[in-house]
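Inside the fold
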Amino acid sequence: MKKHSLFIPEYVTENIYTITPFLLAARGYRGVVFDLDNTVAPYERLQPDKATQDYFAALAEAGVQTALVSNNRRERIELFNERLGVFIVADAQKPSPRGVHRCIEAFGLPPERFIRMNHTKVLFVGDQIFTDCLAAHRAGVDCYLVKPIKSKETFFFRLKRAFEKPFLSIYRRRRIKSKGCN
């Protein structure tokens, strides 16, 4: 994988709810690792709402294993997970791939180096290129980038989002080019 490809997601969408069990099955995904903050829920939401609980239940019912991986502290992710009951990794230190590797292991799926050979696919869903997308690709799994639920107005986050724009432009150009070939 080329270095710049580490920063380009395989897919981009509005929110997690567009990533349906049907879509996952059609693309062969058996496990989905979600970032928590600003991907599944806003930072200030301590518990999942009904829509989130229903979404995770639908994934489980379809046989898709799920997990939450966050750079946030353990107390935050454990409290949020009380109603979901999925595997969690807190203090993940993304873009390190270790949290994703732990999820793959917890799913009982083969290690990342065998995922593609065995046609077992794991997907990482997050809202940030430099943490989530990079962690996914370093772990050897695909990345679905969603729009952040809430924009953080700090200087650091505005700067980071500005640096993400060239990679999103490359993603869009690739999508347009691949649609033109069909």
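Treat the numbers as computed from the prediction; the structure is a model and nothing was measured.

**A closer look at helix H6 (residues 129–139)**
Burial runs high along H6: nine of the eleven residues are buried. Within H6, burial applies to Ile129, Thr131, Asp132, Cys133, Leu134, Ala135, Ala136, His137 and Ala139. Directly beyond the C-terminal end of H6, a positive phi value near 85 degrees is found at Gly140.

**Some remarks on the pattern of salt bridges**
Close approach of charged atoms lets side chains of opposite charge pair. Evaluation of the coordinates by the stated rule reveals nine salt bridges. Close ionic contact of Lys150 with Glu44 constitutes a salt bridge, the shortest N to O distance being 2.6 Å. Taken together, the residues Lys150 in the loop between strand E6 (142–146) and helix H7 (155–181) and Glu44 in the loop between strand E2 (29–35) and helix H2 (50–61) connect sequence positions 106 residues apart. Classification of Glu44 as partly exposed rests on a relative accessible area of 48%. Among the ionic pairs, Asp54 bridges to Lys50, the shortest N-O distance being 3.0 Å. Of this pair, Asp54 and Lys50 both sit in helix H2, four residues apart, which is roughly one turn of the helix.

**Here's the deal with the sheet that holds E2**
Read across the open sheet, the six strands follow the order E1-E6-E5-E2-E3-E4; overall the sheet is parallel. The sheet is open, and its two edges are formed by strand E1 (11–13) and strand E4 (87–89), each paired on a single side. With direction set aside, neighbouring strand axes in the sheet form an average angle of 25 degrees. Looking at chain direction, E2 and strand E3 (residues 65–69) are connected through five bridges and run parallel. The partner of Val33 across the bridge, within E3, is Ala67. Relative to E4, helix H3 (residues 74–81) is tilted by about 165 degrees, and along the sheet it contacts E3 and E4. Sitting on the sheet, H6 touches E2, strand E5 (121–126) and E6, and the angle it makes with E6 is about 160 degrees.

Quick notes on the rules
- Residues numbered from 1 in each chain as written.
- Predicted model: local features only at pLDDT ≥ 70, side-chain atom pairs only at ≥ 80, totals over all residues.
- Heavy atoms only, no water.
- Buried < 20%, exposed > 50% of the residue type's maximum accessible area, 1.4 Å probe, protein only.
- Helix = DSSP H or I, 4+ residues; strand = E, 2+ residues; numbered from the N terminus.
- Salt bridge = Lys/Arg side-chain N within 4 Å of Asp/Glu carboxyl O.
- Pairing = 2+ DSSP bridges.
- Axes fitted to C-alpha atoms, helices over the stretch in contact; angles between N-to-C directions.
- Contact = heavy atoms within 4.5 Å.

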